Amino acid sequence: MAGLDESGSNPDVGLLYDINGLTKDTPSWFDSAMTFVGEYGLLLALVLLVVWCWWGQRRRGTLDDAASSVAAVVWAPLAAGIAVLVNIPIRGFVERPRPFLDHEGIDPLIDGKTDYSFVSDHATLAMAIGAGLFVANRKFGLVGLGLAALEGFCRVFMGVHYPTDVVGGFALGTAVALLLSPLAMALLTPLTKAIGRTRSLGRLVWDRKVGPVAAPLSETTPSPAAAADPDERDLAA
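Residues numbered from 1 in each chain as written. Predicted model: local features only at pLDDT ≥ 70, side-chain atom pairs only at ≥ 80, totals over all residues. Heavy atoms only, no water.

> Tell me about a nonpolar patch on the surface, residues and numbers included.
A surface patch of nonpolar side chains, amounting to about 360 Å² of accessible area, comprises L44, V47, L48 and V51. The topology assignment puts L44 in helix α2 (residues 28-57). (Patch = residues over 30% accessible without salt bridge, like charges linked within 9 Å, V, L, I, M, F, W, Y side chains within 5 Å. Areas by Shrake-Rupley, 256 points an atom, 1.4 Å probe, with all protein chains shown as cover. Salt bridge = Lys/Arg side-chain N within 4 Å of Asp/Glu carboxyl O. Helix = DSSP H or I, 4+ residues; strand = E, 2+ residues; numbered from the N terminus.)

If you want it as C-alpha cells, here you go:
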C-alpha cells in the first residue's frame, strides 16, 4: 500500500499539478502567506471559532439548554483529537509518500514534511471541528466547514498533499464527529450539567444572569424570540 494514484495521468495527480502549479505565477509573499494560513492560521481560526461558539452557547436561557449546547461545542475539538488518533494507523498502513517525493515539478512551499501523506492531519482536524460545530450550532458550523474546505485547498496548493489525501481527511473527520456524536453527548451533557451547578466553574457552562435554571411549569409555549430563529438552536439539544 505504498502509493495511491501515482500515475501522472491520474486525475488526482493532474489536479495536484494544476493547483500547486499556481505557485509559479504567484508572488513569494503570497506563497508565504498561504503557507502560514495552511499550516497554522486556519487551525487557529477554527479554535477561535470554537471559543466564540462556546461563549454564545453558555448564554442559553436555562441550565439544561446551556449544558447540552456547551457539551456539543466541547465535542468539536475532542472529535478532532480522536480523528487524528484514528489516522495514525491509517497512515502507517497506506504508507503513501508525499507528492513532491514521487513527482517532478511539484513545488513544496514548506520543508520538513517527510512523514506519510494519506490521510491529511490538517484536513482531518479542520473538518472534524467544522462538523462538530455544525452539531452545536448551524451557523458556526457552516463557517467551520468553509474554513475546513479552505484548509484542504491550502494543503494541495502547498504541494504537501494529494487532493485525495484531503478528501480522505474530510471523510475521516466528518465520520468521527458525526458517528460518535450521540455517545459523546450522552457522556458530556451530564458532566457539563454538573459543572454548571457549581459556583466555582459554573460560568464555564451557563451564564446565570441570562435566565432561571428551569422554565416555569405554567410556560407551555416557546417565546417568540426562541421560535424566530431555528438556526440558533443547537442540533444536539
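> Can you break down the packing of α2 against helix α5 (residues 121-136) residue by residue, with the values?
Packing of α2 against α5 leaves a shortest axis separation of 11 Å and a crossing angle of 15 degrees. Of the possible angle classes, the one that applies to α2 and α5 is roughly parallel. Crossing of α2 against α5: the hand is left-handed. In this structure, α2 uses G38, E39, L43, L46, L49, V50, C53 and Q57 to contact α5, whose residues at the interface are H122, L125, A126, I129, L133 and A136. (Axes fitted to C-alpha atoms, helices over the stretch in contact; angles between N-to-C directions. Parallel < 35°, antiparallel > 145°, perpendicular 65-115°, else oblique. Left-handed = near helix turned anticlockwise from the far one by under 90°. Contact = heavy atoms within 4.5 Å.)

> I'd like to hear about the packing of aromatic side chains, residue by residue, with values.
Taken as a whole and assessed by the stated rule, the structure comprises six aromatic pairs. Look at F36 and Y40: their rings are 6.0 Å apart centre to centre, the planes differ by 50 degrees, and that puts the pair in the tilted class. Taken together, the residues span about one helical turn, with F36 and Y40 both in helix α2 at a distance of four residues. Look at Y40 and you get exposed, because its relative accessible area is 51%. Considering the side-chain rings of F153 and F157, the 6.1 Å spacing of their centres and the 25 degrees angle between planes classify their relative orientation as stacked. Within this pair, F153 and its partner F157 are both found in helix α6 (residues 138-157), separated by four residues, close to a single helical turn. On the basis of relative accessible area, F153 is assigned to the partly exposed category, the value being 33%. Under the relative-accessibility criterion, F157 is labelled buried at 2%. (Phe/Tyr/Trp six-rings, centres within 6.5 Å; stacked < 30°, edge-to-face > 60°. Buried < 20%, exposed > 50% of the residue type's maximum accessible area, 1.4 Å probe, protein only.)

Such coordinate-based values are descriptive only and should not be taken to indicate function.
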